[in-house]
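Overview (structure and organization)
One-letter residues, chain by chain:
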There are 2 protein chains.
Amino acid sequence: MSSPGASTLAETVSAGSPIGQVLELIAPKLELVEQELRANFSSPIRTIQEVADHVLEGGGKRLRPTLLLLIAKMLGYEGRKDVTFGAVIEFIHTASLIHDDIIDDSAMRRGRASINYKWGNHLTVLIGDYLYSHAIRMALEAGDLDIVQMLCAATIEMTEGEIMGLANNGRADLTKDEYFDLIGRKTAALFGASARVPAMLVGLDESRQKTLYDYGYKLGITFQLVDDLLDFTSSEETLGKPVLADLKDGKATLPVILARSRANEAERRKLESVMLTKSFDEVDPLEVQEIVTRYGAIDETRKIAREYARDCKVCLAGFPDSPAREALEFAADFVLERDR
Amino acid sequence: MSSPGASTLAETVSAGSPIGQVLELIAPKLELVEQELRANFSSPIRTIQEVADHVLEGGGKRLRPTLLLLIAKMLGYEGRKDVTFGAVIEFIHTASLIHDDIIDDSAMRRGRASINYKWGNHLTVLIGDYLYSHAIRMALEAGDLDIVQMLCAATIEMTEGEIMGLANNGRADLTKDEYFDLIGRKTAALFGASARVPAMLVGLDESRQKTLYDYGYKLGITFQLVDDLLDFTSSEETLGKPVLADLKDGKATLPVILARSRANEAERRKLESVMLTKSFDEVDPLEVQEIVTRYGAIDETRKIAREYARDCKVCLAGFPDSPAREALEFAADFVLERDR
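Residues numbered from 1 in each chain as written. Chains lettered and ligands numbered in written order. Predicted model: local features only at pLDDT ≥ 70, side-chain atom pairs only at ≥ 80, totals over all residues.

1. With respect to the overall build of chain A
Looking only at helices and strands, chain A has 15 helices and two strands in total. With respect to the three principal axes, the spread of C-alpha positions in chain A is 60 × 50 × 35 Å. Considering chain A as a whole, with its 340 residues, one finds that 49% of them fall into the buried category. Of all intrachain contacts in chain A linking residues separated by at least 6 positions in sequence, the fraction that spans at least 24 positions is 73%. (Helix = DSSP H or I, 4+ residues; strand = E, 2+ residues; numbered from the N terminus. Buried ≥ 20, exposed ≤ 12 C-beta atoms within 10 Å, placed from the backbone. Contact = placed C-beta atoms within 7 Å.)

Given below as structure tokens:
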């Protein structure tokens, strides 16, 4: 839990403040989510239990369940299904991270050895499958068919986004529209779904369900944009991975897309070279950083991220003012400012 | 469709016979299953469509949907959900095969280039995920929550079986009990689920649902035992893969388990050596074949497979005699005799 960037929403606010108080109120439910995760990711099959222990020990910010619980709180939801669906969504997210480890061939995740590094690609795939199936089983047991369907659709979107990311790997000429479509599916859809679940649990009308989905979706976009920024602005130490790792992995991030559209031919070729060769053999990382900064691509990405964070707060305007709503507004700033 | 072993149940009986006639009766529904597969494994995302075309072109025996449709026929089911769930189960099966390609690092599947060979491990994982999610989506749309739950449990069992197989890879000392537990989960559970779906669709009582599940489960065990036998008895040409491939992959099959328990120390070490080194560098394949044959392990495996085929027919005894029931009995012989 002490790995870089693992600080939770609650850890960033003072305990006595109204937001701190509401986060304290949902803390017992967040602990129940952890219990659900442990209870459902456990097995008499030793290999599964070993991986489960490793994964659950690794922790995580539990941002999606926190979001879900806060909205449930704001809407006055009194049941216990928010805990169940919080765990379901965290499982879906975890399964996608586990399968992503295969995709990126990344040896580290959250500062710990990733599963595929420790147990091999084979088992990593199967453990991800196991988690996905368990998530669906838990959701089915809760019994709200419409919510399970919505989560299933979000999972499909997420997988589509991952596939699009892979298909577009190495492409420096990704358009802004293609980029936002991609991250919308890959990252924002599951945030949107997390925010929509409590709206469905309390039976809000379709339009207000959609507004809360939008809140989550826009928060997810903000989250991804900040992730993109961190590839340029964070150091290896605080990020837990080398800077410009996305670029070196052939992933077009918004700063690169914006810089590329303004750069001259020689500069363009430098950006493309890193993405295609997946190395800094021919281009110095500092040179890339310099190009991206000089064309204002970092500043503009930051500006767009702030706009999304602001828009996501606007989605909450129609709901009565409350500490829970304040905490949700604060979540946007938290995502914006996080120093993963 | 002309790849070795892709012959369907219908292709092995004469058209005029009672069994041939019932298979002709379900043929239009099997074609509807194909349509469901095509309609649901299609996407505006080009990469997904490319893989979908490749996978669906590859065909397959559609043994599980055939089984499901025949039982629906036997039970006089009149609706169309048998088609939906037939496609759902075929998708689950296909997703597991696709992820299995990563597991085995096998370049060929059904005589065609496997997906991971053609598109890489990354995409292979995601396409499997996509199919699993789509299968659940389709099942949810059909709306029978209890059936979706049952299929979800079978999928979890299947994944557990795969994980156990992996955890036990290289172990020549697997016990018979461990072996049957493993193949029961890995292979038989989904066959059992295929057979139970129509029983649930027509609302049979729990005990008769269980009997039909047992039919499918035992058919699945027979299927796996014959698979084990083929590793020893089939030639590379008819099998589409090298003989003793399972052994060389470190997988303990029943013939090896039985032979090992009877072999002397030197012979034991030979069997173990192939499984551990995953090569025939130190042991000649013919020598292995000779050991396994000499201790009667092939004959005994064949005998056990026949017993399972017989037991699986017995499960049908309580249902009224009909061409569909005859076809299901014949399915056991078909699985027993198949020359994949």
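2. With respect to the relation of the copies chain B and chain A
Screw-axis analysis of chain B against chain A gives a translation of 0.0 Å along the axis, an RMSD of 0.0 Å, and a rotation angle of 180°. Here the transformation between the copies is reduced to the relation of a two-fold axis. For chain B, the residue whose C-alpha comes nearest the rotation axis is Val125(B), separated from it by 3.5 Å. By residue overlap, the copies meet face to face through one surface: 100% of the interface positions of chain B are interface positions in chain A. (Least-squares fit on C-alpha atoms with pLDDT ≥ 70 in both.)

3. Digging into helix H1 (residues 18-40) of chain A
All names here are of chain A. Look at H1: 33 Å from first C-alpha to last across 23 residues, which is about the 33 Å you get at 1.5 Å a residue. Largest kink in H1: about 35°, centred on alanine 27, with the proline proline 28 one to four residues after it. Residues of H1 that are buried include every one of Ile19, Val22, Leu23, Ile26, Lys29, Val33, Glu36 and Leu37, and no others. (Expected span 1.5 Å × (residues − 1). Bend = angle between axes of the 7 residues up to and from the residue.)

4. Points about the confidence of the model for chain A
Residue and element names in this part refer to chain A. For chain A, the mean per-residue pLDDT works out to 89, and 92% of the residues sit at or above 70. The lowest-confidence element of chain A is strand S1 (residues 108-109), averaging 56 in pLDDT; the highest-confidence one is helix H7 (residues 176-201), averaging 98. Low pLDDT (under 50) marks residues 1-5, which in the prediction has 12 contacts with non-local residues, meaning those over four places away or in another chain. Scored as a whole, the predicted complex attains pTM 0.91, and scored at its interfaces, ipTM 0.90. (pLDDT = per-residue confidence, 0-100.)

5. As for the interface of chain B and chain A
Each side of the interface is counted separately: chain B has 33 residues, and chain A has 33 residues. Elements with a minimum of two residues in the side of chain B that touches chain A: helix H2 (46-57), helix H4 (81-104), helix H5 (115-142) and helix H6 (145-167) of chain B. Class assignment for the residues of the side of chain B that touches chain A results in 20 nonpolar, nine polar and four charged. (Nonpolar A, V, L, I, M, F, W, Y, C, P; charged D, E, K, R; others polar.)

6. Some details on the environment of Asp311(B)
All names here are of chain B. With respect to the helices and strands, aspartate 311 occurs in helix H14 (residues 297-314). A count of 17 C-beta atoms within 10 Å places aspartate 311 in the partly exposed class. Residues aspartate 311 and leucine 145, 166 residues apart in the sequence, show an inter-C-alpha distance of 30 Å.

7. Brief notes about the packing of H2(B) against H5(B)
To describe two helices that pack against each other, one gives the angle between their axes and the distance between the axes. All names here are of chain B. Packing of H2 against H5 leaves a shortest axis separation of 11 Å and a crossing angle of 105°. The angle between the axes of H2 and H5 places the two elements in the roughly perpendicular class. Only Ile115, Trp119, Leu123, Ile127 and Tyr130 of H5 make contact with H2, whose side of the interface consists of Thr47, Ile48, Val51 and His54. Class assignment of the residues belonging to the contact of H2 with H5 gives a composition of seven nonpolar, two polar and no charged. (Axes fitted to C-alpha atoms, helices over the stretch in contact; angles between N-to-C directions. Parallel < 35°, antiparallel > 145°, perpendicular 65-115°, else oblique.)

8. What to know about the environment of Leu151(B)
All names here are of chain B. Relative to the helices and strands, leucine 151 resides in helix H6. C-alpha of leucine 151 to C-alpha of lysine 251: the two residues are 100 residues apart in sequence and 27 Å apart in space. Ignoring sequence-local partners within four residues, the contact set of leucine 151 consists of Val88, Ala139 and Ala193.

9. What to know about the environment of Asn264(A)
With respect to the secondary-structure elements, Asn264(A) resides in the loop between helix H11 (254-262) and helix H12 (265-277). For the pair Asn264(A) and Ile291(A), spaced 27 residues apart in sequence, the C-alpha to C-alpha distance is 10.0 Å.

10. Quick look at the packing of helix H8 (residues 206-233) of chain A against helix H14 (residues 297-314) of chain A
All names here are of chain A. Axis separation between H8 and H14 bottoms out at 8 Å; the angle between their running directions is 160°. Taken together, the axis directions place H8 and H14 in an arrangement best described as roughly antiparallel. Crossing geometry of H8 relative to H14 is assigned as left-handed. Residue-level inspection shows Tyr215, Lys218, Leu219, Ile221, Thr222, Leu225, Val226, Asp228, Leu229, Phe232 and Thr233 of H8 in contact with H14, the latter providing Ile298, Thr301, Arg302, Ile304, Ala305, Tyr308, Ala309, Asp311 and Cys312. Along the lines of polarity and charge, the residues of the contact of H8 with H14 split into 13 nonpolar, three polar and four charged. (Left-handed = near helix turned anticlockwise from the far one by under 90°.)

11. What to know about helix H3 (residues 63-74) of chain A
Residues and elements named next belong to chain A. With 12 residues, H3 extends 16 Å between its outermost C-alpha atoms, agreeing within 8% with the 16 Å of an ideal straight helix rising 1.5 Å per residue. A large share of H3 lies buried, amounting to 12 of its 12 residues. Along H3, the residues classified as buried are Leu63, Arg64, Pro65, Thr66, Leu67, Leu68, Leu69, Leu70, Ile71, Ala72, Lys73 and Met74. Of the residues one or two after H3, glycine 76 is the one with positive phi, at around 70°.

12. Some remarks on unusual backbone geometry
A positive phi angle is found at Lys278(A), which is not glycine, with a value near 50°. Looking at Lys278(A), the number of C-beta atoms within 10 Å reads 14, which means it is partly exposed.

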